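Residues per chain, in single letters:
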Amino acid sequence: MTAIKPLTSFRQRKSGSASSSPSRRRGSRSRSRSRSPGRPPRSSRRSASASHQADRKEVRKEILEVKLTPLVLKPFGNSINRYNGEPEHREKNDLPHKTTQVHTGSFSLQEKFHLPQESSYLSTQYSLRPRREEIKLKEIDAQEEKIVTEGPTSLRTFEVTTKQLKEVEFGGVPGVLTIMLGLPAFLFLLLLMCKQKEPSLLNFPPPLPALSDLWDARVFGLYLVWFFLQALFYLLPIGKVVEGTPLADGRRLKYRLNGFYAFILTSGLVGASLLWDVELYYVYNHFLQFALAATVWAVVLSVYLCARALKAPRNDLSPASSGNAIYDFFIGRELNPRIGTFDLKYFCELRPGLIGWVVINLVMLLAEMKVQNRAFPSLAMILVNSFQLLYVVDALWNEEALLTTMDIIHDGFGFMLAFGDLVWVPFIYSFQAFYLVAHPNELSWPAASLIVALKLCGFIIFRCANSQKNAFRKNPNDPKLAHLKTIHTSTGKNLLVSGWWGFVRHPNYLGDLIMALAWSLPCGFSHILPYFYVIYFTALLVHREARDEHHCKRKYGLAWEKYCQRVPYRIFPHIY
């Protein structure tokens, strides 16, 4: 073996290294005589004094502690220069452009290519590089430190700092302004067209109503009663408590799953109101006013969320927030706004709007019987109510699945979700039932049978795909899932490439769209208006799929590229 020379044999010179030994930090002119842990001590040397010997032991102890616990930094898994999942391919004749170096005492990492794990860094006590090369490495260190965030997980995860420009969606500020101003106006135009005797596109725009037909303080009060009644049901100590996905700081928030119980309690109250002859037809007569009341409340809630987010800690902010006030008002700045244990976003996702959707459908069924003087509701109205009731009950029964959706783990709570949950869902998703009140469609039993078959087909795809995904996320080692093929990623998670998720990349979206078509078909083909929901929902899911694609490609890198090669179709097989 080559003999190891003592450190004193090296020439002493000033170094431009980014790091220095402990003795240099104390301002010593000469190098410390402390030895590497691999070099045996020389017992023949004796210190001149006890104090000098103690000082040498302290220095040796300090160096030993540093060298025995090196800081091993992982490569930048999310770097734009390298895909995740696997190291870059390098031919035999490729020469490394730069080695990695870790200095004792203060560590720095430089790399341009992926080194094997067992030789990913060099550990030396002093830098023996030429000064010019050390200056270059120091400059690279400074650049790399800019993209390493501070925090409890900074040794394992590298994230983009808030100083860098974040990506925005929906067309940025102009796009979100258009959405925030355009969606409420479009909603009311759609409802006004549906109330016309002939809801044709040739009759657009419909005549605008008087202000008294749009706003009623009593209606606004009734809407608030509905909202806070659902909030009361949410606070009931019934249902199991589960943990959500880990946050950026490692925390896992707790959620009480009692949405199905809230639905049962609400159904009991609605049934009691029917027995007490409460006039539910009032909701149909003041439908526009209820829609405006919900819109006003969504705006008030969004303003409150924006104001409280100004004082939110950095760890509580949404990954989707950008720092722009207008954009963050729309997308939401705070990820999980809570008042104590009351989670505002989680509550609004499934309670006031989703359960309200079912109540509105029931009101439309009763209104159809009254307006058209029918003893029983039409077959078309029964199908629409049944289909959408099944959808809502399924969502509430599988409430835990909501915790892994993009709405919960990525998007903040702002105008986008507040308006969508409280206004768009109950007043647009019930549009087919609202249409059938004034525009009946007599449906034959064979046609109804085909529509039911289509609905069941979409529901089976939707439910089986979601159940398979949620079971895999909950326990990837479940023996029931052993037959499924996966692709490993650098994040430690696996991607399903067989089963429903080997059919298309988003089979749940495919099932959702098939069900949406089944909801509209009972309305017949006299007008395109009832099919607005299918058109809108297709655009929504295609856009959401593009967002999913972008996030997954950035998160999983090469593993996602492989998945896309194995599963080429996004939503529609052989089409898209």
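Residues numbered from 1 in each chain as written. Predicted model: local features only at pLDDT ≥ 70, side-chain atom pairs only at ≥ 80, totals over all residues. Heavy atoms only, no water.

Is there a simple way to explain the overall build of the protein in this structure?
The number of helices and strands found in the protein is 19 helices and eight strands. When burial is assessed residue by residue, the protein has 45% of its 576 residues classed as buried. Taking all contacts inside the protein whose residues are at least 6 apart in sequence as the whole, residues at least 24 apart take part in 74%. As displayed, the protein offers around 31,600 Å² of accessible surface, 61% of which is attributable to carbon and sulfur atoms. (Helix = DSSP H or I, 4+ residues; strand = E, 2+ residues; numbered from the N terminus. Buried < 20%, exposed > 50% of the residue type's maximum accessible area, 1.4 Å probe, protein only. Contact = heavy atoms within 4.5 Å. Areas by Shrake-Rupley, 256 points an atom, 1.4 Å probe, with all protein chains shown as cover.)

For this particular structure, what's the right way to read helix H17 (residues 507-520)?
Along an α-helix, residues three or four apart share an orientation, since each turn contains 3.6 residues. In this model H17 runs 21 Å from its N-terminal to its C-terminal C-alpha over 14 residues, within 8% of the 20 Å that 1.5 Å per residue would give. Where burial is concerned, most of H17 is hidden: 13 out of the 14 residues are buried. (Expected span 1.5 Å × (residues − 1).)

Honestly, the packing of helix H5 (residues 217-235) against helix H6 (residues 259-275) in this entry has me stumped. Any pointers?
Geometry of a packed helix pair, given as the angle between the helix axes and the separation of the axes. Two elements in contact, H5 and H6, have axes whose closest approach is 9 Å; the angle formed by their N-to-C orientations is 130°. Between H5 and H6, the crossing angle belongs to the class labelled oblique. Note on packing geometry: the crossing formed by H5 with H6 is right-handed. For the pair formed by H5 and H6, the contact residues are Trp 226, Leu 229, Gln 230 and Phe 233 on the first element and Ala 262, Leu 265, Thr 266 and Leu 269 on the second. Split into classes, the residues belonging to the contact of H5 with H6 amount to six nonpolar, two polar and no charged. (Axes fitted to C-alpha atoms, helices over the stretch in contact; angles between N-to-C directions. Parallel < 35°, antiparallel > 145°, perpendicular 65-115°, else oblique. Left-handed = near helix turned anticlockwise from the far one by under 90°. Nonpolar A, V, L, I, M, F, W, Y, C, P; charged D, E, K, R; others polar.)

Would you explain the packing of helix H18 (residues 532-556) against helix H19 (residues 558-566) in this entry?
Packing of H18 against H19 brings their axes to within 6 Å, and their N-to-C directions diverge by 125°. As judged from the angle between their axes, H18 and H19 are oblique. The segment H18 lies against H19, with Glu 549, Cys 552, Lys 553 and Tyr 556 engaging Leu 558, Ala 559, Trp 560, Glu 561 and Cys 564. Taken together, the residues of the contact of H18 with H19 sort by class into six nonpolar, no polar and three charged.

Looking at this model, I keep getting lost on the pattern of salt bridges. Mind explaining?
A side chain with one charge can pair with a side chain of the opposite charge if their charged atoms come near. Within the structure shown, the criterion is met by 15 salt bridges. For Arg 252, the salt bridge is made with Glu 243, and the minimal N-O distance between the two is 3.8 Å. Owing to a relative accessible area of 43%, Glu 243 belongs among the partly exposed residues under this scheme. Asp 411 is paired through a salt bridge with Arg 547; the nearest N and O atoms lie 2.7 Å apart. Pair noted here: Asp 411 is in the loop between helix H13 (406-409) and helix H14 (415-428) and Arg 547 is in helix H18, with a separation of 136 residues, a long-range link. Both residues of the pair, Asp 411 and Arg 547, belong to the buried class. (Salt bridge = Lys/Arg side-chain N within 4 Å of Asp/Glu carboxyl O.)

Would you mind showing me how to read the UniProt feature "transmembrane region" (unreviewed entry) in the protein here?
Under the feature "transmembrane region" (unreviewed entry), the UniProt entry names residues 173-193, 217-236, 257-276, 288-307, 375-393, 413-437 and 443-465. From the first C-alpha to the last, residues 217-236 spans 29 Å; its make-up is 95% helix and 0% strand. Annotation note: span residues 375-393, helix share 79%, strand share 0%, distance between end C-alpha atoms 27 Å. (UniProt positions renumbered as here; feature names shortened; annotations may be inferred.)

How should I be thinking about the packing of aromatic side chains in this particular structure?
Aromatic ring pairs are described here by two measures, namely the spacing of the ring centres and the angle between the planes. By the definition in use, this model includes 37 aromatic pairs. Between Trp 215 and Phe 220, the aromatic rings sit 5.3 Å apart at their centres with planes inclined by 40°, giving tilted as the arrangement. Each ring, one from Tyr 282 and one from Phe 290, has its centre 6.3 Å from the other, and the planes form 85°; the classification is edge-to-face. Positioned over the ring face of Tyr 281 is Lys 370, at 4.4 Å from the centre of the ring. (Phe/Tyr/Trp six-rings, centres within 6.5 Å; stacked < 30°, edge-to-face > 60°. Lys NZ or Arg CZ within 6 Å of the ring centre and 35° of its normal.)

How should I be thinking about the nonpolar core in this particular structure?
Considering soluble globular proteins, one finds that nonpolar side chains tend to be buried as a cluster. Formed by 115 residues in total, the largest nonpolar core has its most connected members in Met 364, Leu 422, Phe 427 and Tyr 429. The biggest single contributor to this core is H14, with eleven residues. When we break this core down by domain, the ones giving at least three residues each are domain 1 (168-442) and domain 2 (443-575). Setting aside its immediate chain neighbours within four residues, Leu 422 contacts Tyr 223, Phe 227, Ala 294, Trp 297, Ala 298, Leu 301, Cys 348, Pro 352 and Phe 427. Counting 15 residues, the second-largest nonpolar core is a separate cluster that includes Phe 472, Leu 484, Ala 559 and Tyr 563. (Core = buried A, V, L, I, M, F, W, Y, C linked by side-chain atoms within 4.5 Å. Domains from an automatic or database assignment.)

I'm lost on the confidence of the model for the protein in this one. Help?
Caution applies to low-pLDDT parts of the model: their predicted coordinates are not meant to be read in detail. Of the residues in the protein, 71% reach a pLDDT of 70 or more, and the chain-wide mean stands at 75. Averaged over each element, pLDDT in the protein is lowest for strand E2 (residues 123-124) (34) and highest for H5 (96). A low-confidence stretch, residues 1-49 (pLDDT under 50), is modelled with 66 contacts involving residues beyond four sequence positions or located in other chains. Across residues 144-165 the pLDDT falls below 50, and counting only partners more than four positions away or on other chains, this stretch makes 25 contacts in the model. (pLDDT = per-residue confidence, 0-100.)

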